[in-house]
Amino acid sequence: MALPEVAVLSLGGTISSTQTEGRSGVAPSLTGEALVEDVPEISEVAEVSADSFRQVPGSELVLEDLIELAAEFEGRIDTGAAGVVVTQGTDSIEETSFVLDLLVDRDAPVVVTGAMRNPTLPGAEGPANLLASVRVAISEAARGLGAVVVLNDEIHAARFVQKTHTSNPATFRSPLAGPIGYVFEDNARIVTRPVGRRHIDLPPETQDRPVALYTIGLGDDGRLLEFVRQSGYEGLVVEAFGVGHVHSVMTEPLGSLANEIPVVLASRTGSGEVHRKTYGFTGSESDLSERGLINAGMLDGPKARLFLSLLLRSGASREEISGAFGLPFGA
Ligand code: ASP
């Protein structure tokens, strides 16, 4: 029987990083083809076509790369791929996977993976993660879930996953929802189907719509906000304290900025929803909402920033942006 087709596109990252001449430390160097060839078990599971789409660290990727990648994936799926896999640097997986989740408008699984230990180290887990990802990419159960992140034999929904440790292979967690499945022996098992999948349609040519991300700290007087205003940002995400609080001195500058550009209120805790009506002091979530800030809901700061930037690129109006943030990524 013919094996299902899977497209593997590599973007670089630790999973592909080896020692390069004349430099200390490893850097992305292995091609997508080499990564797949290194795992002979893959050929027993799927008919894989592998390509190198980029060869960079995760920190080098930008939205344009992901917009191009999403279009490439839709093409591969339309021409017969049962699922697609991205290998890349783990540094930005929580963001890139969310962008693919929003942009790829297909039911075929979109799986993002990487590795925390590079191939020159004992215990490098790239090959195991790649094999597990191919198993998820061909899984019927993983269809229609949106983009998922597969590492360490766990399956996480892109909209919830976060990188939580600098070096531990179990770094990927979904504090709000938990993993939605796992891989064991030769199976991919889905135990939870996330609801509230979203899609953003972009016009063929879109321009960068820069959005700043600003984490508030104790005693912060908000002087950076003036820089945000002057430097051409078209949106701002504020990672505030707890359920959405800032020092009272920041409320006026935030309110006046929110009159000019969309300002989204997220939480620096990284998990849980920003509240709407629990506290009533100056600088509280209800005060900031009255001053025009948009509630990020359950999105953490980095994901809210990408969501806002893609909405701006899609041409959404201020009302449409508020409406999009107001709709939960859940039920
Ligand atoms: N530490 C990163 C990784 O795991 C480096 C990167 O994102 O390229 O791949």
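First things first, this report covers the structure right here in the doc. Just so it is clear, the structure is predicted and the values come from calculations on it, not from any experiment. (Residues numbered from 1 in each chain as written. Predicted model: local features only at pLDDT ≥ 70, side-chain atom pairs only at ≥ 80, totals over all residues. Heavy atoms only, no water.)

Examining the site of the ligand
Residues in close proximity to the ligand include G13, T14, P57, G58, G89, T90, D91 and A115, which together make up its full environment. Note that an oxygen atom of the ligand is positioned 3.1 Å from one of the backbone N or O atoms of D91. Between the ligand and A115, the relevant distance is 3.0 Å, taken from an oxygen atom to a main-chain nitrogen or oxygen of the residue. Here the ligand loses 84% of its free accessible area of 260 Å² to cover by the protein chains. Classifying every residue of the shell around the ligand gives two nonpolar, five polar and one charged. (Near = heavy atom within 4 Å. Polar contact = N/O pair within 3.5 Å; in protein donor to acceptor, adjacent residues only side chain to side chain. Areas by Shrake-Rupley, 256 points an atom, 1.4 Å probe, with all protein chains shown as cover. Nonpolar A, V, L, I, M, F, W, Y, C, P; charged D, E, K, R; others polar.)

Let's talk about a nonpolar patch on the surface
A contiguous nonpolar surface patch, about 260 Å² in accessible area, is contributed by Y182, F184 and V191. Given a relative accessible area of 38%, Y182 falls into the partly exposed group. (Patch = residues over 30% accessible without salt bridge, like charges linked within 9 Å, V, L, I, M, F, W, Y side chains within 5 Å. Salt bridge = Lys/Arg side-chain N within 4 Å of Asp/Glu carboxyl O. Buried < 20%, exposed > 50% of the residue type's maximum accessible area, 1.4 Å probe, protein only.)

Some details on the sheet that holds strand β11 (residues 181-184)
With mixed pairing, the eight strands of this open sheet are ordered in space as β4-β1-β5-β6-β7-β8-β11-β12. The open sheet has two edge strands, β4 (47-56) and β12 (187-190), and neither has a second partner. Put simply, the sheet's adjacent strands are angled 25 degrees from each other on average, direction ignored. Two strands pair when backbone bridges link them, and strand β6 (residues 110-113) and strand β7 (residues 147-151) are joined in this way by three bridges, in the parallel orientation. (Pairing = 2+ DSSP bridges. Helix = DSSP H or I, 4+ residues; strand = E, 2+ residues; numbered from the N terminus. Axes fitted to C-alpha atoms, helices over the stretch in contact; angles between N-to-C directions.)

Quick look at the nonpolar core
Counting residues in hydrophobic clusters, the biggest one holds 81 residues, and the most contacted among them are L69, F73, L100, V136, I155, F307 and F325. With seven residues, helix α9 (residues 301-314) is the single largest residue contributor to this core. Every residue in contact with F73, bar those within four places of it in the chain, is listed here: L9, V84, V85, V86, L100, V104 and V110. Grouped together as the second largest cluster of nonpolar side chains are 19 residues, Y214, L225, V228 and I261 included. (Core = buried A, V, L, I, M, F, W, Y, C linked by side-chain atoms within 4.5 Å. Contact = heavy atoms within 4.5 Å.)

Details of the packing of aromatic side chains
Tallying each qualifying case throughout the model produces six aromatic pairs. Relative to F307, the ring of F98 lies with its centre 6.5 Å away and its plane at 50 degrees, an arrangement referred to as tilted. Of the two residues, F98 sits in helix α4 (residues 93-103) while F307 sits in helix α9, which places them 209 residues apart along the sequence. The two residues F98 and F307 agree in class, both being buried. Relative to F329, the ring of F98 lies with its centre 5.8 Å away and its plane at 55 degrees, an arrangement referred to as tilted. (Phe/Tyr/Trp six-rings, centres within 6.5 Å; stacked < 30°, edge-to-face > 60°.)

A word on the sheet that holds strand β14 (residues 235-240)
Read across the sheet, four strands follow the order β13-β14-β15-β16 without closing on themselves; strand pairing throughout is parallel. Edge positions in the open sheet fall to β13 (211-215) and β16 (294-295), since each of these has one partner strand only. For strand β15 (residues 263-267) and β16, the ladder comprises two bridges, and the chain directions are parallel. Opposite L265, over in β16, you have N295 as the bridge partner. Against the sheet, α9 contacts β13, β14 and β15, and its axis sits at roughly 160 degrees relative to β13.

Quick look at the layout of surface pockets
Computed from the structure, the largest pocket encloses a volume of approximately 370 Å³. Around the largest pocket sit 21 residues that line it, and L61, V62, L63, R305 and L306 are the ones nearest its centre. Top element by residues in the lining of the largest pocket is α9. It accounts for four residues. Per-class residue counts for the lining of the largest pocket are nine nonpolar, five polar and seven charged. Counted as a void, the second largest pocket has a volume near 290 Å³. I67, A71, L103, L202 and P203 are, among the 17 residues lining the second largest pocket, the residues nearest its centre. Among the residues making up the lining of the second largest pocket, the classes are represented as eight nonpolar, two polar and seven charged. (1 Å grid on protein atoms, 1.4 Å probe; cavity = no way out; pocket = protein on both sides within 12 Å on 5 of 7 lines; lining within 4 Å. Points joined across faces, edges and corners; volume = space filled by probe spheres on them.)

Thoughts on unusual backbone geometry
Not every positive phi belongs to a glycine, and N152 is a case in point at roughly 55 degrees. Within the secondary structure, N152 sits in the loop between β7 and β8 (154-157). By relative accessible area, which is 37% here, N152 ends up partly exposed.

Regarding the environment of A115
Along the chain, A115 turns up in the loop between β6 and α5 (126-137). For A115, a relative accessible area of 1% gives the class buried. Taking the C-alpha atoms as reference, A115 lies 4.8 Å from I15; in sequence the two are 100 residues apart.

Some points on the packing of helix α3 (residues 63-78) against α9
Interaxial distance between α3 and α9 falls to 12 Å at its minimum, and their mutual angle equals 70 degrees. One way to sum up the angle between α3 and α9 is to call them roughly perpendicular. Helix-helix and strand crossings are classified by hand; for α3 and α9 the assignment is right-handed. Contacts from L63, E64 and I67 in α3 reach L306, S309, L310 and R313 in α9. Along the lines of polarity and charge, the residues of the contact of α3 with α9 split into four nonpolar, one polar and two charged. (Parallel < 35°, antiparallel > 145°, perpendicular 65-115°, else oblique. Left-handed = near helix turned anticlockwise from the far one by under 90°.)

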